[in-house]
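Close look at the chain arrangement
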Amino acid sequence: MNRGVETRFEAGKWLCCKHRLPKEQVKLRLFLFPPAGSDIAIYQRWEEYLPAEMEICLICLPGRGVRMNERLVDDCNVLVENMLESIQDYLDIPYVLFGHSLGALLAYKTAVLAQKKGLRLPEKLFVSSLKPPLHFNEPVACSSGLADPGDGQLHLMGDEDLKRKLIKNGGIPDIIIENGQIFDFILPTFRNDLKLYETYIPVETVRLPVPIDVFGGNSDRVASRTDLERWSECSEKEITVATFPGGHFYFTNANPIFFFNLSKRLNEILIAVSIRNA
């Protein structure tokens, strides 16, 4: 029997959870971390393209979406600490983390902190369109490839200069560029999240005992193929790198190649979990 998607906000609104099967039939959770300046809308309808045995848990960050009235957090460590404290009860079944751009940093930091706290680790970490944290300072501090030499820190730019820079480098979805009012409205969130990047100090690289799958766009100006391959420094396990046609937001417009690829990888995890629990 085909079921509709059940959606609910949980964990103090840190999570928007979606599932198609009854809760007791969920075998795997997928946590989705949004990119800079964005909220869970960036992953709208992903549950329709992914295995039904999964529960999709979208990370809702303060200061945006349903949490618009809350204060933005511009410290990565504080943000991840608060988030993990609120969602750790949702690590009771096998899970994976997916983060795009800023979200990739947050997903990686979540896995690192989970290991430090002795919590269940993800089956796999999916990171998208971002160089690993240790390389944020190449060539301009923590700008993830958006800044050019001489630009300085992006979060300190004037509004118009910042908008031009973000548009030039493909760091903004077309739907936002086409609507100036929306762009102006969310620009403070972009600025906050860029500050989060640019003030993040990577002390060391923690090599997780977790495999990492790395995704990106083959014409992305923010993270090159070489940048993506450097995630091998962050794992003791296998790392794979796959690029898809497009720029920084290669997965928009329900890119069928990407969703086929991601679904295949998630089904492989589901099979491995079922075998392990048999």
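What follows is about the pairing of strand 6 (residues 124-128). When you tally the buried positions in strand 6, you get five out of five residues, the bulk of the element. Burial along strand 6 is two-sided: the residues Lys124, Phe126 and Ser128 and Leu125 and Val127 are all buried. Looking at chain direction, strand 5 (residues 95-100) and strand 6 are connected through five bridges and run parallel. The partner of His100 across the bridge, within strand 6, is Ser128. The handedness of the strand 5 to strand 6 crossover, carried by helix 2 (residues 102-116), is right-handed.

Positionally, Val241 belongs in strand 8 (residues 239-244). Taking the C-alpha atoms as reference points, Val241 and Leu228, separated by 13 residues in sequence, lie 6.9 Å from one another. Each residue touching Val241, except ones within four places of it in the same chain, is listed here: Val214, Arg225, Leu228 and Glu229.

On to the packing of helix 1 (residues 76-87) against helix 2, then. When two helices pack together, their arrangement is given by the angle between their axes and by how far apart the axes lie. Running from N to C, helix 1 and helix 2 cross one another at 60°; their axes reach a closest spacing of 10 Å. The crossing of helix 1 and helix 2 is right-handed. Side by side, helix 1 and helix 2 meet where Cys76, Asn77, Leu79, Val80, Glu81, Met83 and Leu84 of the first sit next to Leu105, Leu106, Lys109, Thr110, Leu113 and Ala114 of the second.

One finds Leu15, Phe31, Ile87 and Leu125 to be the most contacted residues of the largest nonpolar core, which totals 57 residues. Ranked by residues supplied to this core, first place goes to helix 2 with 10 residues. Excluding residues within four positions of it along the chain, Phe31 makes contact with Leu15, Cys57, Ile59, Ile87, Tyr90, Leu91, Tyr95, Val96, Leu97 and Phe98. One finds Ile56, Phe126, Phe251 and Val273 within the second-largest nonpolar core, a separate group that totals 29 residues.

Okay, the packing of aromatic side chains next. Counted by the stated rule, this structure contains 24 aromatic pairs. Judged by centre distance (5.1 Å) and plane angle (85°), the rings of Trp46 and Phe259 are edge-to-face. Taken together, the residues span a long stretch of sequence, with Trp46 in the loop between strand 3 (28-33) and strand 4 (54-59) and Phe259 in helix 7 (residues 256-277) at a distance of 213 residues. Each member of the pair, Trp46 together with Phe259, is buried. Aromatic pair Tyr108 and Trp231: ring centres 5.7 Å apart, planes at 75°, arrangement edge-to-face. Taken together, the residues span a long stretch of sequence, with Tyr108 in helix 2 and Trp231 in the loop between helix 6 (225-229) and strand 8 at a distance of 123 residues. In this structure, Tyr108 and Trp231 share a single accessibility class: buried. Here a set of aromatic residues connected by ring pairs shows up, and it is made of Tyr43, Trp46, Tyr49, Phe98, Phe126, Phe215, Phe244, Phe249, Tyr250, Phe251, Phe258 and Phe259. Over the face of the ring belonging to Trp14 we find Arg67, whose NZ or CZ atom lies 4.2 Å from the ring centre.

Hydrogen bonds between backbone atoms are what pair the strands of a sheet, whose relative direction is either parallel or antiparallel. With mixed pairing, the eight strands of this open sheet are ordered in space as 1-2-4-3-5-6-7-8. Both edges of this open sheet fall to strand 1 (6-10) and strand 8, since each of them pairs with a single strand only. Strand after strand, the sheet turns through a mean of 20° between neighbouring axes, direction not considered. For strand 1 and strand 2 (residues 15-19), the ladder comprises five bridges, and the chain directions are antiparallel. Bridging across to strand 2, Thr7 finds its partner in Lys18. Where helix 2 meets the sheet, it contacts strand 3, strand 5 and strand 6, and its direction lies at approximately 145° from that of strand 5.

What follows is about the side chain of Glu47. In this fold, Glu47 is placed in the loop between strand 3 and strand 4. With a relative accessible area of 8%, Glu47 lands in the buried category. Other than its neighbours up to four places away in sequence, Glu47 contacts Val5, Lys18, Arg20 and Ile56.

To continue, consider the pattern of salt bridges. Pairs may arise between side chains of opposite charge once their charged atoms sit close together. Within the structure shown, the criterion is met by 20 salt bridges. The shortest N-O distance in the salt bridge between Asp159 and Arg191 comes to 2.6 Å. One end of the pair, Asp159, is in helix 3 (residues 159-168); the other, Arg191, is in helix 5 (residues 180-198), with 32 residues separating them in the sequence. Overall, Asp159 belongs to the partly exposed group, its relative accessible area being 44%. In this structure, Lys264 and Glu268 form a salt bridge, with 2.9 Å as the shortest nitrogen-oxygen distance. Here Lys264 and its partner Glu268 are both found in helix 7, four residues apart, which amounts to about one turn of the helix. What makes Lys264 partly exposed here is its relative accessible area of 46%. Each of Arg8, Glu10, Lys23, Arg29, Glu55 and Asp92 takes part in salt bridges that share partners, so that together they form one network.

Rules of the game
- Residues numbered from 1 in each chain as written.
- Predicted model: local features only at pLDDT ≥ 70, side-chain atom pairs only at ≥ 80, totals over all residues.
- Heavy atoms only, no water.
- Buried < 20%, exposed > 50% of the residue type's maximum accessible area, 1.4 Å probe, protein only.
- Helix = DSSP H or I, 4+ residues; strand = E, 2+ residues; numbered from the N terminus.
- Pairing = 2+ DSSP bridges.
- Right-handed = clockwise from strand over helix to strand, strands pointing away.
- Contact = heavy atoms within 4.5 Å.
- Axes fitted to C-alpha atoms, helices over the stretch in contact; angles between N-to-C directions.
- Left-handed = near helix turned anticlockwise from the far one by under 90°.
- Core = buried A, V, L, I, M, F, W, Y, C linked by side-chain atoms within 4.5 Å.
- Phe/Tyr/Trp six-rings, centres within 6.5 Å; stacked < 30°, edge-to-face > 60°.
- Lys NZ or Arg CZ within 6 Å of the ring centre and 35° of its normal.
- Salt bridge = Lys/Arg side-chain N within 4 Å of Asp/Glu carboxyl O.

The quantities given are spatial measurements derived from coordinates; they are silent on function.
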